[in-house]
Amino acid sequence: QAGRFLSGRAPGVLLALAGILFAGLSFARNGEWSTPLRFWESAAKSSPRSARALQGYGQSLYATGRFREAIPPLERATRIYPRYDPAWVDLGIAQMQSRREKEAEVSLRRALKFNPDSPEGQLSLGVLLVGTGRPEKGCHHLEKAIALDPNLVEARFNLGTLYMKAGENAKAIRHFQAALS
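Below is a short write-up of the structure. Every value quoted in this text rests on a predicted model; they were computed, and no experiment measured them.

### A few points about the side chain of glutamine 122
Link 1 in the chain: Tracing the sequence through the fold places glutamine 122 in helix H7 (residues 119-131).
Link 2 in the chain: Overall, glutamine 122 belongs to the buried group, its relative accessible area being 3%.
Link 3 in the chain: A polar contact of 3.0 Å, which involves the side chain of glutamine 122, links it to the backbone oxygen of proline 116.
Link 4 in the chain: With sequence-adjacent residues up to four places away left out, glutamine 122 is seen in contact with Leu112, Pro116, His141, Leu142, Lys144, Ala145 and Leu148.

Next comes the structure, spelled out in structure tokens:
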């Protein structure tokens, strides 16, 4: 009699137990994935050969101001997938913020070799060149970034600042207005 009672309800009981088990696993994962940094750190640990996971981890490290710590996972990402331009851009940004300008320039130029139409790559190289005393060359890359993505606020702001310093106020105002609209 007890066997007949359970046999009719067994699928429902098993389904409920599976639901509780998966809910518990999901709850445990929520702590792991509560921030982008934790999510990408977990992804990089569980997939250490994934260039995307390592790039996401490096990017989230530098997004929290941990630029030097971001460099090793980004370097690993570029070794795993050498043509993955977002990893090269992020590596260049982390290097630039770590005052490793020569290395940053190499990384950013490599990113643009693989994808010359990367607005982020053009922007980052432009900022680096301006910051290292080459405003004319930097201006070229900032203008190219804007041509690729007219809504790239950071490129517009940097170009406006560059024009303002050069005394070209009309151009500066045009870029500042575009950045605000």
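### As for the pattern of salt bridges
Link 1 in the chain: Counting across every chain of the model gives six salt bridges.
Link 2 in the chain: In this structure, arginine 66 engages glutamate 69 in a salt bridge whose closest nitrogen and oxygen atoms are separated by 2.8 Å.
Link 3 in the chain: According to the relative accessible area criterion, glutamate 69 is partly exposed, its value standing at 43%.
Link 4 in the chain: A salt bridge links glutamate 105 to arginine 109, with the nearest nitrogen and oxygen atoms 3.0 Å apart. Pair noted here: glutamate 105 and arginine 109 are both in helix H6 (residues 101-114), with a separation of four residues, about one helical turn.
Link 5 in the chain: Classification of arginine 109 by relative accessible area gives partly exposed; the value is 38%.
Link 6 in the chain: Overlapping salt bridges bring together Glu105, Arg109 and Arg134 as one network.

Reading the values: the criteria
Residues numbered from 1 in each chain as written. Predicted model: local features only at pLDDT ≥ 70, side-chain atom pairs only at ≥ 80, totals over all residues. Heavy atoms only, no water. Helix = DSSP H or I, 4+ residues; strand = E, 2+ residues; numbered from the N terminus. Buried < 20%, exposed > 50% of the residue type's maximum accessible area, 1.4 Å probe, protein only. Polar contact = N/O pair within 3.5 Å; in protein donor to acceptor, adjacent residues only side chain to side chain. Contact = heavy atoms within 4.5 Å. Salt bridge = Lys/Arg side-chain N within 4 Å of Asp/Glu carboxyl O.

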